[in-house]
Every structure is written in structure tokens, then in C-alpha cells.
Amino acid sequence: MTDPVTPSNAAARAAEPARDTAELIRETASNAVSPAASTLPPDDPVSASPGTPATRSQWRDVWAQFRSHRGAMIALVLFVLILLFVLVGPWVWQVDATFVDIRARNKGPSWAHPLGTDQLGRDTLARLMAGGKTSIAVGLTAMIIAVTLGSLIGILAGFYRRLDAPLSRLIELFLALPLLPLLLLMVTLFREPLAKNLGAGLGTFLLIVVAIGATSWMQAARIVRGDVLGLKEREFILAARSIGTPNRRMVLRHILPNVLSPIMVAATLGIASAIITESALSFLGLGFPPDFPTWGRLLFDAIPQMQTYPMRVILPGALISLTVLTVNYIGDGLRDAMDPRIRGR
Amino acid sequence: MLTYTLRRIPMAIPSLLFISLVIFLLLELSPGDPLGSVPLTVPPEVKEKMREALGLGQAWYIRYFLWLKQFFWIEPMHWFDATFGTAIVEGQQRIISFQSRVPVFDVIAQRIPQTLTVVGFSYLVGVLIAIPIGIISAYKQYSWFDQLGTFLSMVGFSMPTFFTGVVLIIIFAVNLQWFPSVYDTTLRVTDWASFWKQVRQMVMPVTVLALYNAAQISRFMRASMLDNLRQDYVRTARAKGLSEKTVVLKHVLRNSLIPVVTVIALGLPAVFGGAIITEQVFRVNGLGQLLISAIQANDIPMVLTLTFIFAILIVVFTLIADLLYGILDPRIRYD
């Protein structure tokens, strides 16, 4: 506190977590010494600081902070590796995951089948790749549905006062639903008719993705609603309103970019829970049909033979856990990186 | 406080009614037929009679109100009759399972003890593990213990219970043969030998669920402790010359437990849902297993009643969590 307050170290201070006196000094300093800084909104203190050129964007700062989170960086690398395994793997290892070779069943690892074959002689490596593709696709799509729905409802509830009470009530109602039993119910009841109309793979995929999305948007909606309620009181919204910004542009240009960071964190964590839910459904035998491998389904199929072939259970289970763990760590790192109070420390 | 409670309870009733309607309509919309497994040789007129006998002949809203009456009036009164020897609802139709032709509540009453012993005990163990870990992690923030604890809770949080359960079975039941892999619900605890057997078969399911819950609760505990350790009153307590033990375990811990207790209360009904999977892994025939078998058999009354009971649990525990928060934290005023 004894060092002289120059504009540059005032800017460095600006990024520090709220600390009583430092806060005060910073505010007075940035106002008195560098009037240029105070003309910009204090929304993003780092990019608004006078010492740095305008090219420093918010996302670069987020990335810089994200990189300093060691767990999140390791997780990101691992997640990219898993994605490569799942997406590029089938191009390198061109074996059909559904090809049944009865004579080569229950084989151990060999050059023809690096991870062995299952009880029908299907190649385990190829099945793990195909299964991962479905599992991750389900996770991503369900997350997109949940987050879109959640942000929409959250923004509507936070922005329009008239909609707040009914939408909040809706969120509460959905939070009181017993989700896993309902998911089980939905999937069991509608699996066959949908599979009949749209084909086994696509029908089940749509059903599971919509069911998971429709039952997991509430957290995102609550976070977004809270943030929007806070944002609405800020000066820049008042300013935008005073120059006659219509509601639609207000939401798209001013509200949405400002709630993007909690939405992104919720989205990342949403992928993890969607992957777990899908594999739980598959594990209960209520997910995808047997010839359509997902990690949960592979685990479920291997349970009867787990005494003789434990690897068949452990491999898909470990892949599910690893994917979810990396996604959770990335979400954790994102949360820290997006928080301007921590960023730049 | 009392007025708040009295105000909250009537508010919970419409949402419960709405939830029951949602579940009912979902079952109603389902294309499944409870008579689907009846052989094709049965003539259609007999099938129609069977349908009426199951109460499926009427319009859906009549059946919905009938079910509501059965759930909220006949079943509680039946229990009242059985306890006090009265005959208020003598001879009135109870909710009957399609599958076993037995009153649904009798089956549920048979299954509840299994679920409660395994799930309830594991939740208790989970809480008992989580709280000390949370305290130490927060007190020694960024120490190796904290780093390890955070990593392990992340792992515990990310590993689905069906995977940890299966891994435990492979290691301890198949390879080491320490514990049985299947939970034997017919076991009666009569002497030390059978008690020991019960303990051995409970070890694995309890571990799986306890670790999963501990991972979540310890993170909450750590965050809450960290919030409180930075407060001014902690500095005051230290300045007064109180011992570090008193400061942390009396002043900080008590205040930190307030949000954690509500999290624990809120998590309790979710545990019943999560236990569906664990029960399936270890073949515990509790409520979760009952629900899955009922769903697969299209046993509409059973599914409806069970799902609704889960919903009631969630609503009740949310209410309890809110009230607990008000009781524990005098700064919160609901009036």
C-alpha cells in the first residue's frame, strides 16, 4: 500500500480481488490520474486499462487465466486426446464395430485385435471408438438443448418482470420432479414407437437427447435468471434503454454477451452430467439398442462376463469416468478464468 | 417461522398435484399396453373384461381422481384402520399392482427397509467422511492434503456409481472374495454370525454410495469453511485469545455447517433416485429395483405411486431444508 500509485500499477490492482483499501485507491487513482480509463465501462477492468493496447480482448485474458490452471490444462489435453481417439481413431483403425466374427470370439489382445474381441467376436477397440462417438454426441447435443432452453427461460424470467413469477414457478416444479425415474419412464415408454418411425439408432438418440435436455435445463435457467436480474440494474442497461434500444436488441446485444460466461460454465458441466445420465440409462438396459454401442451399453453388455473378462467392464467405465473428469476439470478452470475477480491475479 | 411453515405447506400441494398429473398423463400417453403380455389366444371380449377389471375402462380423468382418492384418503385411512382397529374404509378398493395383484403400499412397505438400511447408512457414512475432509481442506488451503482431497472428490464425483460398484465387485468379490457380490435380502439378523454376514454384504454398496456422496458434500463443506474463515469475527475470536481449536471447531464450524446442513437435506431425496443404480448393481431388492421392474412390466399403478412418492420426498425435503436454514441462521427472517 506504500508504493506510489501510477496508472499502470493501478491497472494491475484493478484486477485484484476486492480488497477494502486497495479497491478505494484504485478507484480514485484511475479516475484522477488517467481519465481515459474511466470513460470505458468498468465492466472489464483489464482490457479497459490504459497501459495495454486495444487488441487485448476478453477472450485472450480468459485463455491466459485458463492456462494457469494446471488441472484444467491437463484435462483439456486429455479431452482432446479422447476426442481424437473417438473421431480420428476410426479412420486409422478401420474395423467395423458391428462385424460379428463368431470364430474369433473372446480373443485376448493380438495384432488383429489390440484389445481383444467380445463374446460375438466384435473388435473391442473399434467398439470403444464407436461407443465413445455416440456417448460424446449424446452429451454435447443434450447439453445444447438444456443450455438453450435454460438460457432462454432464464433470460425471459430475469428480463420481463411479468414472466418472472410463472417461469420461476416452472423452474421450481421441474426441480421437484423425480428426474431419474421420469427419464427411465420416458425412455421405456417411447423407445419402441420412436424407433419404429425413425429407425432404431436415430429414434433412440433423439429420445434420449431430448429427455435428458428437457430434464436438466433448470440449473442453467436459475443461474442466468439471477445474473440477468443483477445486470438489469446496471447503468449501461439504463443508458441503452435511454437511447431507445428495443427489447430484442437489448437482450441480444447487451444482456446475452454479459451472461455468456455462466452459460459456458453451465454448458461444460452439463456435458459431464449428460454423459453420466446416458450411460446410466444404458447401464440399466434402457438406452440404445444392443447393436448400437455406447460406453454405457458396452459396460452393461460386459457385466455377465465380468468374472472372466474384467477388462471389458473396466475399459468403457474408465473412459466414461475419464471423459467426465476432464470435462468437470475444464468447467472448473473455465469458472475460474471467467471470473474477473480472480482473473489477472 | 410457524406462519412461514403454514404458508409454505399449502403452496406445496398444488405443485405436488401438478407433478402427479404430469406423471399420470405421461403414463397415459404411453403406447404400452398392460395387457400386452396376455396370450393372443385369449378372445377379445375376455380381454375387454380383463381391461375393465383393471379399471382401465373409464376416461382418464375419472381414473386420475380415483387414484388421487386412493392415494390420499383410502391408503392413509387403511393404515389408520389397521393400527386402531377401526373400519372407516373397510372393503374399499386400495391401489393394486397390475403385476402381483397385491396392494402397492404393501409391496413398498416390504421394500423400504432394504433401501433405508443401505442408502440411509451410506448417506450417514458419506456425511461423516465429508465433513472432516472439508474442514481440513479449507483450514489448510492449497496444502497437499487439500490438493489431494480436491482431486479425489473430483474423481469421486466423476465416476458413475455403476462403474465404482462394478470395479469393487471385480476386486473384492471376484478376485479377493472378501465380500459377497449379491446382496441377500432374505438374511435375518438373529445372532453374531448373521450380523457379521449382514455387515459384510453391506460394505460394498455402502462404500460406493458413501464415496459418491462424500465427494459432493466435502466440496460444499470446504467452500463454506473458506467463506467463514475469512470473516471478521474469526479475527476477533483469535484476537480475544481463544485457542485455535475453539475458533475453528466452535466458531467457524458451526457457521459453516448452516449451508451444508441444507445441502445434506436437499440431497437426501436425490439419493433415493441415485440408489436405483446402486441397487441394480448389487441386486438389492429395494425401492429402485421395484421401480425398474414395474416400469418394465408396464405396472402403471406401481410406477405412478412410486414416482409420486419420490416427488413427495423431494418437495418435503426442500421444505425441510428451507426451514432448517431459517432455524439455524437467525439472520434469515421469513416473516
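All values derive from a computational prediction rather than experimental measurement.

### A look at the packing of helix α7 (residues 124-159) of chain A against helix α14 (residues 260-283) of chain A
All names here are of chain A.
Okay, so step 1: Two elements in contact, α7 and α14, have axes whose closest approach is 8 Å; the angle formed by their N-to-C orientations is 135°. Taken as axis vectors, α7 and α14 run oblique relative to one another. Along this stretch, α7 crosses α14, giving a crossing that reads as right-handed. Where α7 abuts α14, its residues Ser135, Val138, Gly139, Leu140, Ala142, Met143, Val147 and Ser151 lie against Ile263, Ala266, Ala267, Gly270, Ile271, Ala274, Ile275 and Glu278.
Okay, so step 2: Residues belonging to the contact of α7 with α14 are distributed by class as follows: 11 nonpolar, 4 polar and 1 charged.

### Observations concerning helix α7 (residues 192-229) of chain B
Okay, so step 1: Taking 1.5 Å of rise per residue, 38 residues should cover 56 Å, yet α7(B) covers just 46 Å from first to last C-alpha, more than 12% shy of that figure.
Okay, so step 2: The largest bend in α7(B) is about 35°, located at Val203(B), with the proline Pro205(B) one to four residues further on.

### Re the packing of aromatic side chains
Okay, so step 1: If you walk through the whole model with that rule in mind, you get 20 aromatic pairs over all chains.
Okay, so step 2: When the centroid spacing of 6.4 Å and the interplanar angle of 75° are considered together, the rings of Phe283(A) and Phe300(A) count as edge-to-face. A residue pair is termed long-range when its members are at least 10 positions apart, and Phe283(A) in helix α14 and Phe300(A) in helix α15 (residues 295-302) qualify at 17 residues.
Okay, so step 3: Its relative accessible area of 6% is what places Phe283(A) among the buried residues.
Okay, so step 4: A relative accessible area of 28% places Phe300(A) in the partly exposed class.
Okay, so step 5: Through pairs of rings, three or more aromatic residues link up here, namely Trp67(B), Phe71(B), Phe72(B), Phe105(B) and Phe308(B).

### Focus: the pattern of salt bridges
Okay, so step 1: On inspection of all chains with the given rule, the structure shows 8 salt bridges over all chains.
Okay, so step 2: Asp332(A) is the salt-bridge partner of Arg335(A), the closest N and O atoms lying 3.7 Å from each other. Placement of both Arg335(A) and Asp332(A) in helix α16 (residues 310-338) is noted, with a separation of 3 residues, approximately one turn of the helix.
Okay, so step 3: The salt bridge involving Asp232(B) is made with Arg235(B); its shortest N-O contact spans 3.6 Å. Of the two residues, Asp232(B) and Arg235(B) both sit in helix α8 (residues 232-239), 3 residues apart, roughly one turn of that helix. With respect to class, Asp232(B) is no different from Arg235(B); both count as exposed.

### A closer look at a nonpolar patch on the surface
Residues and elements named next belong to chain A.
Okay, so step 1: A contiguous nonpolar patch, built from Ile74, Val77, Leu78, Val80, Leu81, Leu84, Leu87, Val88, Trp91, Val92 and Leu322 and spanning about 1000 Å² of accessible area, is present on the exposed surface.
Okay, so step 2: Taken together, the elements giving at least two residues each to the nonpolar patch come down to α5 (70-87) and α6 (89-92).
Okay, so step 3: As for its position among the elements, Val80 is in helix α5.

### A closer look at the confidence of the model for chain A
All names here are of chain A.
Okay, so step 1: A residue-level look at chain A finds 78% of positions with pLDDT of 70 or above and a mean pLDDT of 77.
Okay, so step 2: For chain A, the element scoring lowest by mean pLDDT is helix α1 (residues 7-14), at 40; helix α12 (residues 235-242) scores highest, at 90.
Okay, so step 3: Here residues 1-21 scores under 50 on pLDDT; set against residues more than four positions off or in separate chains, the count is 30 contacts.

### A look at the interface of chain A and chain B
Okay, so step 1: Each side of the interface is counted separately: chain A has 38 residues, and chain B has 40 residues.
Okay, so step 2: When the two sides are added together, the surface that chain A and chain B hide from each other amounts to roughly 3500 Å², 84% of it contributed by carbon and sulfur.
Okay, so step 3: Taken together, the links from chain A to chain B amount to 1 salt bridge.
Okay, so step 4: For the salt bridge of Asp332(A) with Arg219(B), the shortest nitrogen-to-oxygen distance reads 3.7 Å.
Okay, so step 5: Run the count over chain A and chain B and you get 1 residue pair in polar contact (both at pLDDT 80 or more).
Okay, so step 6: Sorting the residues of the side of chain A that touches chain B by element identifies α8 (161-175), α9 (179-198), α14 and α16 of chain A as the ones contributing at least two each.
Okay, so step 7: Residue contributions to the side of chain A that touches chain B peak at 12 residues, all from α16(A).

### Considering the packing of α14(A) against α15(A)
Residues and elements named next belong to chain A.
Okay, so step 1: As a packed pair, α14 and α15 sit with axes 7 Å apart at the nearest point and diverge in direction by 30°. The angle between the axes of α14 and α15 places the two elements in the roughly parallel class. For α14 against α15, the interelement crossing comes out right-handed. Together, Ser279, Ser282 and Phe283 of α14 and Gly296, Arg297, Leu299 and Phe300 of α15 make up the contact between the two elements.

Each value, and the rule that gives it
- Residues numbered from 1 in each chain as written.
- Chains lettered and ligands numbered in written order.
- Predicted model: local features only at pLDDT ≥ 70, side-chain atom pairs only at ≥ 80, totals over all residues.
- Heavy atoms only, no water.
- Axes fitted to C-alpha atoms, helices over the stretch in contact; angles between N-to-C directions.
- Helix = DSSP H or I, 4+ residues; strand = E, 2+ residues; numbered from the N terminus.
- Parallel < 35°, antiparallel > 145°, perpendicular 65-115°, else oblique.
- Left-handed = near helix turned anticlockwise from the far one by under 90°.
- Contact = heavy atoms within 4.5 Å.
- Nonpolar A, V, L, I, M, F, W, Y, C, P; charged D, E, K, R; others polar.
- Expected span 1.5 Å × (residues − 1).
- Bend = angle between axes of the 7 residues up to and from the residue.
- Phe/Tyr/Trp six-rings, centres within 6.5 Å; stacked < 30°, edge-to-face > 60°.
- Buried < 20%, exposed > 50% of the residue type's maximum accessible area, 1.4 Å probe, protein only.
- Salt bridge = Lys/Arg side-chain N within 4 Å of Asp/Glu carboxyl O.
- Patch = residues over 30% accessible without salt bridge, like charges linked within 9 Å, V, L, I, M, F, W, Y side chains within 5 Å.
- Areas by Shrake-Rupley, 256 points an atom, 1.4 Å probe, with all protein chains shown as cover.
- pLDDT = per-residue confidence, 0-100.
- Buried area = accessible area lost by both parts, 1.4 Å probe.
- Polar contact = N/O pair within 3.5 Å; in protein donor to acceptor, adjacent residues only side chain to side chain.

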